[in-house]
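Next come the chains, spelled out residue by residue.
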Amino acid sequence: KENNLNLLGEPLPSKDQKAIDFDNESSFEFLFDIALAPEVTVSLTDLKEVPYYTIAITDDMVDDQVKTMTSRFGSNESVDVVSEKSMVKGTLVQLDENQKPLEGGLMNQNTVLSLAIVKDEAEKAKLLGAKAGDVVVFNPKVAFPNDTELSYLLKISKEEVAGVEGLFSFAINEITEFKDAELNQD
């Protein structure tokens, strides 16, 4: 304090501190390491003005911000019927040419399917309007022509996707949709 030092952080006990015998010594010397803030010199130029920008806020900007806030605090809620915005959970089973479970075929009991990314309208139509407990037969390779999406859906590598053909059954267990939070005081 007497030297008016500009310290960074707090003083730390020094590693050079010698052992102190508190029982047999009458005076004590403590060593600390300190960090000093560097001296900074700011020299200002002859700049006399700084531009001040007035941002025109449009109704669209306000609406976008409200949408961002309500979606940030939204939640997934159970619904009864599959719609364009639904996330559908269920069991996906590969079928043979007789539409029976293919022996040794692919099966995934925890499949999550988003209708928003189904590309083919005919395949999407098979799922729209379905309810929990329904079994829908569709071709995932047509519904998801992107190999990355299909490998995620089937839980296989992208290389294995090339060998996947035919129909699959999808037994729907749960249907959820993301609902934006209500715009209220909270």
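Residues numbered from 1 in each chain as written. Predicted model: local features only at pLDDT ≥ 70, side-chain atom pairs only at ≥ 80, totals over all residues. Heavy atoms only, no water.

S.K.: So what about the overall build of the protein chain? Which residues, and what values?
M.R.: Scanning the protein chain from terminus to terminus reveals five helices and seven strands. Helices and strands in the protein chain line up, N terminus first, as β-β-α-β-β-β-α-β-α-α-α-β. Taken over the C-alpha trace, the protein chain has a radius of gyration of 33 Å; the compact-globule value for 186 residues is 16 Å, which it surpasses by more than 25%. For the protein chain, the proportion of contacts with a sequence separation of at least 24, taken over those separated by at least 6, is 66%. If you sum the accessible surface of the protein chain, you get close to 14,400 Å²; carbon and sulfur atoms cover 52% of it. Between the averaged position of the 17 positive side-chain charges in the protein chain and that of its 35 negative side-chain charges there is a distance of 6 Å. (Helix = DSSP H or I, 4+ residues; strand = E, 2+ residues; numbered from the N terminus. Rg over C-alpha atoms; globule rule 2.2 N^0.38 Å. Contact = heavy atoms within 4.5 Å. Areas by Shrake-Rupley, 256 points an atom, 1.4 Å probe, with all protein chains shown as cover. Lys, Arg positive; Asp, Glu negative; His and termini not counted. Charge placed at Lys NZ, Arg CZ, Asp CG, Glu CD.)

S.K.: With reference to specific residues and values, describe the confidence of the model for the protein chain.
M.R.: Low-pLDDT portions of the prediction should not be read for the details of their coordinates. Scored by pLDDT, the protein chain comes out at a mean of 89, with 100% of its residues at no less than 70. Mean pLDDT per element in the protein chain: helix H5 (residues 158–161) is the minimum at 86, and strand E6 (residues 135–138) is the maximum at 94. (pLDDT = per-residue confidence, 0-100.)

S.K.: So what's going on with the packing of aromatic side chains? Residues and values would help.
M.R.: Applying the stated rule across the entire model yields three aromatic pairs. Judged by centre distance (5.1 Å) and plane angle (40°), the ring pair of Phe22 and Phe28 falls under tilted. A relative accessible area of 52% means that Phe22 is categorised as exposed. The class for Phe28 is partly exposed, based on a relative accessible area of 36%. Measuring from ring centre to ring centre gives 6.4 Å for Phe28 and Phe30, while their planes differ by 35°; the resulting arrangement is tilted. Each member of the aromatic cluster is reached from another via a ring pair, and the members are Phe22, Phe28 and Phe30. In this structure, Lys155 is placed above the aromatic ring of Tyr152, and the distance from its NZ or CZ to the ring centre is 4.3 Å. (Phe/Tyr/Trp six-rings, centres within 6.5 Å; stacked < 30°, edge-to-face > 60°. Buried < 20%, exposed > 50% of the residue type's maximum accessible area, 1.4 Å probe, protein only. Lys NZ or Arg CZ within 6 Å of the ring centre and 35° of its normal.)

S.K.: Please give an account of the pairing of strand E1 (residues 7–13) that cites residues and values.
M.R.: Summarising burial for E1: zero of the seven residues are buried, a small minority. Strand direction decides the pairing type here: E1 and strand E2 (residues 32–36), joined by four bridges, are antiparallel. By the bridge assignment, Leu12 is partnered in E2 with Asp33. (Pairing = 2+ DSSP bridges.)

S.K.: An account of the pattern of salt bridges is requested, with residue identities and associated values reported.
M.R.: Inspection of every chain in the model, using the stated rule, returns six salt bridges. Residue Lys67 pairs with Asp180 through a salt bridge whose shortest N-O separation is 2.5 Å. Taken together, the positions of Lys67 in helix H1 (residues 59–72) and Asp180 in the segment after strand E7 (168–179) put the pair 113 residues apart, joining distant regions of the chain. In this structure, Lys179 and Glu177 form a salt bridge, with 3.6 Å as the shortest nitrogen-oxygen distance. (Salt bridge = Lys/Arg side-chain N within 4 Å of Asp/Glu carboxyl O.)

S.K.: Any details on unusual backbone geometry? Residues and values, ideally.
M.R.: Residue Gln99 is not a glycine yet carries a positive backbone phi of 60°. Although it is not a glycine, Lys155 sits at a positive phi angle of roughly 60°. Relative to the assigned elements, Lys155 resides in the loop between helix H4 (147–154) and H5.

S.K.: Before we move on, can you summarise a nonpolar patch on the surface with the specific residues and values?
M.R.: Judged by side-chain polarity, Leu5, Leu7, Phe22, Phe28, Phe30, Phe32, Ile34 and Leu36 come together as a nonpolar surface patch covering roughly 780 Å² of accessible area. Of all the elements, E2 adds the most residues to the nonpolar patch, at three residues. With respect to the helices and strands, Phe22 occurs in the loop between E1 and E2. (Patch = residues over 30% accessible without salt bridge, like charges linked within 9 Å, V, L, I, M, F, W, Y side chains within 5 Å.)

S.K.: Tell me about the nonpolar core, and please be specific about residues and values.
M.R.: Of all hydrophobic cores here, the largest spans 22 residues; its most connected members are Leu113, Phe144, Phe170 and Ile172. For this core, the elements supplying multiple residues, two or more each, are strand E4 (86–94), E6, H4 and E7. If one sorts the elements of this core by residue count, E7 sits on top with four residues. Residues within four places of Leu113 in sequence aside, it is in contact with Ser86, Met87, Val88, Val118, Leu127, Phe138, Phe144, Leu153 and Phe170. (Core = buried A, V, L, I, M, F, W, Y, C linked by side-chain atoms within 4.5 Å.)

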